[in-house]
Amino acid sequence: MLIYIVILLFISSVALNVSYNRISQHNQRFLLNTIFILSIVMITFRSINVGTDYIHHNNSFLASTDLSFFVDSFVGTIFNEPLWYSLFYLINCQGLPITLFWFVYICLVWFFLIRSVPSGSSKLLVCSLFILSYFYYSSYNTSAQVLASILILCSVKEINQHNMIKAILYFVGALLIHKSSLFVIPFFILNYVSISKKWYYWTFAISFFILFMRIDTLLFSKFNEIMMLLDSSSNMSEYNKYFDMESSGLNIFGLAMNYFMIITNITIFIKIHSIDKNKLDIYSQWWAIGIIIYILTFNYAWLFRLSYFFMMSMIIAIPLRFNRKGRANMYTIVILLLCLIYVCKLYNNNDGIVPYEIL
């Protein structure tokens, strides 16, 4: 765990200094490159024992000896996530190791993460929050969703810049990497419609009520029945596992930490928007929706992953408000709260990344 704590101290120090405008543009570029190199080393060379489901990815990589994921049906091909598995194939067919795949993967993540940053926001701060928010450290079985989520953020940026062709291409790219990107489509309307903060706050409270009253078990069992009715040839019926209730395997302290992380996320959201009289933009609204999904899927480890597409927007929503003067102290509190969430996630180790081992 020590290596993660060292990284936490380094990244949080960078984020705090950015919030106080203590880093020159030249040094920001240097630190951005430093974090990028650190990311490459940590992802590319971590052992097969680090992170859940690594063995599944390794087996999928070794089995990618042909282009069988391209089928006769256009829809079937899309749902086979061809971009993701094409990357497997292109590297494996050359006899190259899976370490190269993860090197290419983190380079793609970083490239599109930089491109997703709106004008006027600090790229260094966005990338720092990407790591502090724990998206970077997620287990290998959510790696495709992380990349797809970043492409969707690129799509939102292009929509805001009125580049609809680029926006569509980014979204199609996300869909071809992970088919659950489809769930995001209805929520693009929030780029044109702003729902009041108070309605999101009320929904946070209602979501907690649903969780405590165990209404979630009834709600998601109905979804499960719908998914089971889907034709397995569509590759969507496999999502029935998302609605299977799973025990977290945590002790009482671990469960308390999970509740603490939810409440801390809500606290950060409220803190960031407390003195902002402007209407919520799509990034803030998606962040709120991510928190709601976070609460409702508390007991569903598979379904929780769908929150990534929405929670990821927090790394843009927070820096967009860093430009407001006189708020440095508030953002210091926000960064410290993110550090607490980071430590809680390390303790619970749901993603199996502790201890870190070199390949």
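All values derive from a computational prediction rather than experimental measurement.

Caption draft 1: Highlighting the overall build of the protein. Secondary structure assignment for the protein yields 16 helices and 0 strands. Every one of the 359 residues in the protein was classed for burial, and the buried ones make up 55%. Restricting to contacts in the protein with at least 6 residues of sequence separation, those with at least 24 account for 79%. Carbon and sulfur atoms provide 67% of the accessible area of the protein, an area that totals close to 16,500 Å².

Caption draft 2: Examining the pattern of salt bridges more closely. Enumeration over the complete set of coordinates arrives at 2 salt bridges. Notably, a salt bridge pairs Glu 81 with Lys 179, separated by 3.5 Å at the nearest N-O pair. Of this pair, Glu 81 sits in the loop between helix H4 (74-79) and helix H5 (82-92) while Lys 179 sits in the loop between helix H9 (164-177) and helix H10 (197-212); the two residues are 98 residues apart in sequence, bridging distant segments of the chain. Residue Glu 81 is classed as buried on the basis of its relative accessible area, which comes to 8%. Of the residues examined, Lys 179 reaches a relative accessible area of 4% and is grouped as buried. Note that Arg 321 and Asp 281 form a salt bridge whose closest N and O atoms lie 3.8 Å from each other. One end of the pair, Arg 321, is in the loop between helix H15 (314-320) and helix H16 (328-348); the other, Asp 281, is in the loop between helix H12 (252-273) and helix H13 (282-296), and 40 residues separate them in sequence. By relative accessible area, which is 3% here, Arg 321 ends up buried. Judged by relative accessible area, Asp 281 falls into the partly exposed class, the value being 24%.

Caption draft 3: Structural detail: the environment of Ile 270. Tracing the backbone shows Ile 270 in helix H12. As for Ile 270 and Tyr 201, which are separated by 69 residues in sequence, their C-alpha atoms are 8.6 Å apart.

Caption draft 4: Molecular detail of the nonpolar core. Among the nonpolar cores identified, the biggest contains 115 residues, and Phe 101, Phe 130, Ile 268, Trp 286, Trp 287, Ile 315 and Ile 318 are the most heavily contacted of them. Take this core: its biggest share by element is 12 residues, from H13. Setting aside chain neighbours within four positions, we find Ile 315 in contact with Leu 113, Val 126, Leu 129, Phe 130, Ser 133, Phe 135 and Leu 153.

Caption draft 5: Focus on the side chain of Thr 297. Tracing the backbone through its elements, the reader meets Thr 297 in the loop between H13 and helix H14 (308-311). For Thr 297, a relative accessible area of 3% gives the class buried. Within the structure, the side chain of Thr 297 is placed 2.5 Å from the backbone oxygen of Ile 293, a separation counted as a polar contact.

Caption draft 6: Seen up close, a nonpolar patch on the surface. A cluster of nonpolar side chains, namely Met 164, Ile 189, Tyr 192, Val 193, Ile 195, Trp 199, Trp 202 and Ile 206, defines an oily patch on the protein surface of about 870 Å² accessible area. Top element by residues in the nonpolar patch is H10. It accounts for 3 residues. Along the polypeptide, Ile 195 turns up in the loop between H9 and H10. Given a relative accessible area of 33%, Ile 195 falls into the partly exposed group.

Reading the values: rules and limits
Residues numbered from 1 in each chain as written. Predicted model: local features only at pLDDT ≥ 70, side-chain atom pairs only at ≥ 80, totals over all residues. Heavy atoms only, no water. Helix = DSSP H or I, 4+ residues; strand = E, 2+ residues; numbered from the N terminus. Buried < 20%, exposed > 50% of the residue type's maximum accessible area, 1.4 Å probe, protein only. Contact = heavy atoms within 4.5 Å. Areas by Shrake-Rupley, 256 points an atom, 1.4 Å probe, with all protein chains shown as cover. Salt bridge = Lys/Arg side-chain N within 4 Å of Asp/Glu carboxyl O. Core = buried A, V, L, I, M, F, W, Y, C linked by side-chain atoms within 4.5 Å. Polar contact = N/O pair within 3.5 Å; in protein donor to acceptor, adjacent residues only side chain to side chain. Patch = residues over 30% accessible without salt bridge, like charges linked within 9 Å, V, L, I, M, F, W, Y side chains within 5 Å.

Any link to function would need more than the numbers given here.
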